[in-house]
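Observations on chain architecture
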Amino acid sequence: METISNLRLFLIESPIKMARQQGVGHVKGTVKRVLVELTSSSGIVGWGEAAPWEVFTGTAEAAFAAIDVYLRPVVIGAPVNRIRLLTQQMKKTLVGHGEARLAIETAMFDILGKSCGLSVADLLGGRVRDTIPLSFSIADPDFEADMRRMTEMVPNGNTIFKVKTGVKSHRDDMKHLEAMRMAFGDTIDLRIDYNQALQPFNAISTLRDVDQFRPTFIEQPVPKDCLTAMASFASDLDTPILADESCFDARDLMEIIRLRAADAISVKLMKAGGILDAQALMAVADTARMPGYGGTLWEGGVALAAGTQFIAATPGMSLGCEFYMPHHVLTEDVLEEKIRNVNGEVVVPDGPGLGITVSEASLKSNARILAQS
Ligand SMILES: [Mg+2]
């Protein structure tokens, strides 16, 4: 039986091109991530990535320790074709640390796919889509810089833009939304994300203001535990409310459905803690007729390849994705070749496993290795 014989782990830091102001955890300069390389007994290599964000799910340093100290003993010797069994064992071994479990699960799927010539999407039931509409986030502290980016991107087919509101003043948010609609009219699909910035008290008047700009959805306007406020916005506004921080997993979603606190959800593999668990979450969402949106934290090419394969094989993930990091934010990535973006869509890669290549050389030349094991 083919089993996992080796695990290598890298805590890396990648430079980013632009500052990102999100309301919490402003990012500037670099982002940290963990890469896992698994090798099977016949020599097949698979990659996975844990990209937590300290204000959202946890730290890269904690993910590194979780894998190195606690998950390594259950992963070494695990049969490559028993991924679900391994995910159960990892959950028994370690509470939380979903990103660490996801990284291992991703590398397992990469190996299993390569061993039989199938993509991860094939292993998840096969593709239902070959491309995924790409959303770019408007989060530069310098709004004019974002406007210049949009002016370049829109003619190239990028038409989905998600504005990070609630960071600057409401007056500034209104000015920026108006400038975007004035410049691009209805050619752009505008979305709004508050990242929990508003308090329920009087939030509705703020939301009614931004609603004039006809956003496709308003994401997480209030703190994650304010589900009854979310429910009141969902019933008062025509614009759908999308839950991000309020919805990590299927249990959160069950509560959201019970309270009718959102119309759609952001699914992030780092929140769900696994590709299989993300599909399980979407099974609940599908049942409630709630579409999913492919969100991200500060993920690089390996994690986004996993996200791309997941969305390709999951029908309910119909609101596109924000996998713009490798092309627009990271100065370099550890993939030998980026996953292609064409006409504002992410192209699901052909090829077995994740459909990507990571080499020792591409890793070492494109990221600073802070620790390895
Ligand atoms: Mg969000």
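Residues numbered from 1 in each chain as written. Predicted model: local features only at pLDDT ≥ 70, side-chain atom pairs only at ≥ 80, totals over all residues.

**Digging into the pairing of strand β3 (residues 45-50)**
In terms of residue burial, β3 counts as a mostly covered element, since five of its six residues are buried. As paired strands, strand β2 (residues 30-40) and β3 are joined by six bridges and run antiparallel to one another. Paired with T39 across the strands is V45, a residue of β3. (Buried ≥ 20, exposed ≤ 12 C-beta atoms within 10 Å, placed from the backbone. Helix = DSSP H or I, 4+ residues; strand = E, 2+ residues; numbered from the N terminus. Pairing = 2+ DSSP bridges.)

**Notes on the domain arrangement of the chain**
Considered domain by domain, the chain is made up of domain 1 (4-120 + 358-372) and domain 2 (123-347). Inter-centroid distance (C-alpha atoms) of domain 1 to domain 2 is 23 Å. Taken together, the contacts link 43 residues of domain 1 with 34 residues of domain 2. Where the side of domain 1 that touches domain 2 is concerned, the elements lending two or more residues are β1 (4-15), β2, β3, α2 (83-93), α3 (98-116) and α14 (360-366). At nine residues, α3 tops the list of elements feeding residues into the side of domain 1 that touches domain 2. For the side of domain 1 that touches domain 2, the class distribution of residues is 21 nonpolar, 14 polar and eight charged. (Domains from an automatic or database assignment. Contact = placed C-beta atoms within 7 Å. Nonpolar A, V, L, I, M, F, W, Y, C, P; charged D, E, K, R; others polar.)

**With respect to the sheet that holds strand β6 (residues 160-164)**
Reading across from one edge, β5-β6-β7-β8-β9-β10-β11 is the order of the seven strands in this open sheet, with parallel pairing throughout. Of all the strands in the sheet, just β5 (135-138) and β11 (292-294) have a single pairing partner and so form its edges. As paired strands, strand β8 (residues 218-219) and strand β9 (residues 241-243) are joined by two bridges and run parallel to one another. Looking at β9, one finds that I218 is bridged to I241.

**Looking at helix α5 (residues 143-153)**
In an α-helix, one full turn covers 3.6 residues, which means residues spaced three or four apart are oriented alike. All of the buried residues in α5 are D146, M150 and M153. Buried residues in α5, looked at end-on, bunch into an arc of 65°, giving them a common side. Structural note: α5 exposes E144, R148, T151 and E152 on the side pointing more than 90 degrees away from its buried face. Looking at the buried residues of α5, the elements they touch are β5, β6 and α6 (170-184). (Arc of directions from axis to C-beta.)

**A few points about the sheet that holds strand β4 (residues 131-133)**
If you walk across this open sheet you meet the three strands as β4-β13-β12, and the pairing is antiparallel. Every interior strand has two partners, whereas the edge strands, β4 and β12 (341-342), have only one. By the bridge criterion, two bridges tie β12 to strand β13 (residues 345-347) in an arrangement that is antiparallel. By the bridge assignment, N341 is partnered in β13 with V346.

**Here's the deal with the nonpolar core**
V34, I67 and M230 are the most contacted members of the largest nonpolar core, which has 118 residues in total. Looking at which element gives the most residues to this core, the answer is α3, with nine residues. Beyond its immediate sequence surroundings of up to four residues, I67 is in contact with L9, V34, V36, R72, A100, A103 and I104. (Core = buried A, V, L, I, M, F, W, Y, C linked by C-beta atoms within 7 Å.)

**What to know about the packing of helix α8 (residues 227-236) against helix α9 (residues 250-259)**
In the contact formed by α8 and α9, the axes pass within 9 Å of each other and the chain directions differ by 50°. Viewed along their axes, α8 and α9 adopt a mutual orientation that is oblique. Considering how the two elements wind past one another, α8 and α9 form a crossing that is right-handed. Listed contacts from α9 to L227, T228 and A231 of α8 are E255, I256 and L259. (Axes fitted to C-alpha atoms, helices over the stretch in contact; angles between N-to-C directions. Parallel < 35°, antiparallel > 145°, perpendicular 65-115°, else oblique. Left-handed = near helix turned anticlockwise from the far one by under 90°.)

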